[in-house]
Amino acid sequence: MFAKILIANRGEIAVRIIKTCRRMGIRTVQVYSEADAGSLAVEMADEAVLIGPAPASESYLLADRIVDAVRQTGAEAVHPGFGFLSENAGFARRLRDEGIAFIGPNPEAIEAMGDKISSKKLAAEAGVSTVPGHMGLIETPEEAVRIAREIGYPIMIKASAGGGGKGIRVAHSDADMADGFSSVKAEAKSAFGDDRVFLEKFIENPRHIEIQVMGDKHGNVVHLFERECSIQRRNQKVIEEAPSPLLDEKTRKAMGEQAIALAKAVNYDSAGTVEFVAGQDKSFYFLEMNTRLQVEHPVTELITGVDLVEQMIRSAWGDPLNITQKDLKIRGWAIESRIYAEDPYRGFLPSIGRLVRYEQPREGEQDGYLVRNDSGVREGDEISMFYDPMIAKLCTWGETREAAIDGMARALEDTHLEGVGHNVPFLAAVMDQERFRSGALTTRYITDEFPDGFHGVPVAGFGRDVMLAASLAMKAVQVEQSGDPDSRSDWTVLVGGETVPASLAVDEDENLAVTLPDEERTLILSEIDWSPGLAQFRAVLDGTPFTAEVARVPDGFTIRHRAMRARVRVLSPRHAELYARLPEKVPPDTSRLIQSPMPGLVVAVPVTVGQEVKEGETVAIIEAMKMQNILKAERDGVVKTIGAQAGDPVAADDVLVEFE
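The shown structure was predicted, so the numbers you read here are calculated from the model rather than taken from an experiment.

What counts, and at which threshold
Residues numbered from 1 in each chain as written. Predicted model: local features only at pLDDT ≥ 70, side-chain atom pairs only at ≥ 80, totals over all residues. Heavy atoms only, no water. Salt bridge = Lys/Arg side-chain N within 4 Å of Asp/Glu carboxyl O. Phe/Tyr/Trp six-rings, centres within 6.5 Å; stacked < 30°, edge-to-face > 60°. Helix = DSSP H or I, 4+ residues; strand = E, 2+ residues; numbered from the N terminus. Buried < 20%, exposed > 50% of the residue type's maximum accessible area, 1.4 Å probe, protein only. Expected span 1.5 Å × (residues − 1). Polar contact = N/O pair within 3.5 Å; in protein donor to acceptor, adjacent residues only side chain to side chain. Contact = heavy atoms within 4.5 Å. Axes fitted to C-alpha atoms, helices over the stretch in contact; angles between N-to-C directions. Parallel < 35°, antiparallel > 145°, perpendicular 65-115°, else oblique. Core = buried A, V, L, I, M, F, W, Y, C linked by side-chain atoms within 4.5 Å. Pairing = 2+ DSSP bridges. Patch = residues over 30% accessible without salt bridge, like charges linked within 9 Å, V, L, I, M, F, W, Y side chains within 5 Å. Areas by Shrake-Rupley, 256 points an atom, 1.4 Å probe, with all protein chains shown as cover. Lys, Arg positive; Asp, Glu negative; His and termini not counted. Charge placed at Lys NZ, Arg CZ, Asp CG, Glu CD.

Draft legend 1. The pattern of salt bridges, seen in detail. All chains considered together, the criterion is met by 63 salt bridges. A salt bridge links arginine 378 to aspartate 381, with the shortest nitrogen-to-oxygen separation between them at 3.2 Å. Sharing partners across several salt bridges, the network here consists of Arg16, Arg23, Glu301, Asp307, Glu310, Arg314, Asp319, Arg372 and Asp374.

Below you can see the structure in the form of structure tokens.
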């Protein structure tokens, strides 16, 4: 077995690989850019080598730097993780030529599957169902429009070398096709250095289901069942699960057999994923094969008990697979939530900065579920603008899908982040939705369920009770600490636009009893774990454990429970009467401004002072986290001033264009 492996990646996947290497007794070398010098992966590895400045194009994407680090440290193999050089056939071939093992498939398999155009032809030859489309190269928007009319809208425009949700647009009309084709070519050239584009029919209400395969160098290939990745935003997976709530045994078997057939057709010899688009009628069509470890691989590991990183290492060493198809069984259900540094309340725009606080849920067996948290950052680390904004992959496992979802909801409650915007409230909202719990998924789920964006959910039900009880408990502590001689028990709570009379008492079991006279009921709050200064309030409310995010603010608290967030004020009845008379604060009028929705770099401002602009016209393009964001005019107007030019760095809310 290898004595030393170099990890040509960063973040949570580097940490993940190190953990398996440690268990196998293999030493690790971590390469890093200047931005990652103090990272968790660098701290955990046995050795670390600086390979360049922060931009990936000057560090993680430079094969020469990786090979130099291998030679410098005496590593025998390279694990590329995912992204960067993981699906670069030239890199894999270079390592092979230099006598360095590549922990991934052979270069020929990468090459065959890496080009989405040729891979679809190979898939069809191997008997795999494929989506109707145009696999030839397309050079101009006019040609793209002509071909799209022949296939029939809607059409998916995809970069041949794309991945990670980049280089993809859906066109519903000739205008969409003309604009989208040019955008995809530009984005593909920038992100992948390859601007080839192809078209395929877009399946209405589709589901994204993928089959995990594992092969060795002796011709053996198995599949480890499916993952459903239909909950996506901008073609980027957000929530994944295994198995899929759609498939029956017959469909699962058929998809698995097709995935194995394709893998064998290209002599596949490592971990890989065959992705399908599936209809609600269980029809399915080949999308692409990812010739690497997938981001969402933990859910497969949780339902099969197979360590995919270990299997990749053993395959690269030359060991035959130690598992057969008959050995593999689905056990329970697993859910993965990708926690990103992005602001769901502002259209999920990327957020960068320092993680001032990062409290993670406890891993391992819990009450009825299991928690796994794959993260590459710690409290105090910085989320950089140079890389993907993922903070963690939070996973839960349960005996049933319902148990896994309930576990995920609780694990999200136990996750606390400060310093950057994050999508935890959004993920929690999905876990609580009846549609998600029913398994009625499509890749349009987020668009359908949150058509106007995410704004949290109304304060109601159990979350409302949590806010009432927690705020009163915290107020009681404040009163006690202030030395106020007033032994008041009657209060008025202002929460979610409601005025709620309440009284507080301690019952015979030393629990807090919150009586709501207008509702003729009493809440019992027990096992309180909170003291002033703590950001999380843990307790049991009427027999149900919960965690709420809390912070003291002038005249009250801000409290978040799952997707509910509110300013909560606990006042005496008289003060509540006076408070109701205060005038509402009117927000400033920003309707004449186009502001940068995120920190980033200005790519273009295609308007000039004095120009008349129509609603829907592009007025600025901002690049952040490797993605281009097009800002359009929300109404007709005349440009009064321009606040930034191409190449300028901008912060969130900087004014880019002002209208008269």
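Draft legend 2. Molecular detail of the packing of aromatic side chains. Summed over all chains, the structure comprises 14 aromatic pairs. With centroids separated by 6.1 Å and ring planes inclined at 85 degrees, the aromatic side chains of phenylalanine 91 and phenylalanine 102 adopt a geometry described as edge-to-face. Here phenylalanine 91 is found in helix α4 (residues 89-97), whereas its partner phenylalanine 102 is found in strand β5 (residues 101-102), with 11 residues between them in sequence. By relative accessible area, phenylalanine 102 is classed as buried at 9%.

Draft legend 3. Structural context of helix α8 (residues 174-192). For α8, which comprises 19 residues, the first-to-last C-alpha distance of 26 Å matches the rise-based estimate of 27 Å (1.5 Å per residue) to within 8%. Residues of α8 that are buried: Met177, Gly180, Phe181, Val184, Lys185, Glu187 and Ala188. Downstream of α8 by a residue or two, glycine 193 has a phi angle that is positive, lying close to 70 degrees.

Draft legend 4. Representation of the side chain of serine 33 within the structure. Looking at where serine 33 falls in the secondary structure, it is placed in strand β2 (residues 27-33). Among the polar contacts listed, one links the side chain of serine 33 to the side chain of tyrosine 387, at a separation of 2.6 Å. Every residue in contact with serine 33, bar those within four places of it in the chain, is listed here: Leu50, Gly52, Pro53, Ala54, Ser59, Tyr60 and Tyr387.

Draft legend 5. Here's a closer look at the packing of α4 against helix α5 (residues 107-114). The N-to-C vectors of α4 and α5 enclose an angle of 175 degrees; their axes lie 8 Å apart at closest approach. Judged by the angle between their axes, α4 and α5 are roughly antiparallel. Residues Ala89, Ala92, Arg93 and Arg96 of α4 pack against Pro107, Glu108, Ile110 and Glu111 of α5.

Draft legend 6. Structural view of the nonpolar core. With 39 residues, the main nonpolar core has Ile239, Ile391, Phe426, Met431 and Phe436 as its most contacted residues. Here this core takes seven residues from helix α13 (residues 424-432), the largest share from any one element. Residues contacting phenylalanine 426, with those up to four places away along its chain left out, are Val238, Pro344, Phe348, Ile446, Phe450 and Phe454. Counting residues in hydrophobic clusters, the runner-up holds 37 residues, among them Val15, Met214, Phe225 and Ile313.

Draft legend 7. Broad picture of the sheet that holds strand β15 (residues 333-340). Across the sheet, which stays open at both edges, the nine strands sit in the order β14-β13-β10-β11-β12-β15-β23-β21-β20 with antiparallel pairing between neighbours. Two strands close off the open sheet at either side, each with one partner strand: β14 (284-290) and β20 (364-365). In terms of strand pairing, strand β21 (residues 370-375) meets strand β23 (residues 390-398) through six bridges, oriented antiparallel. Residue aspartate 374 lies in a different strand from β23, and its bridge partner there is lysine 393. Across the sheet, helix α12 (residues 401-413) lies against β12 (236-242), β15, β21 and β23, angled at about 140 degrees from β23, the strand it touches most.

Draft legend 8. Structural detail: a negative patch on the surface. Residues Glu612, Glu615, Glu634 and Asp636 make up a contiguous surface patch of negative charge. Relative to the elements of secondary structure, glutamate 634 occurs in the loop between β37 (627-632) and β38 (637-642).

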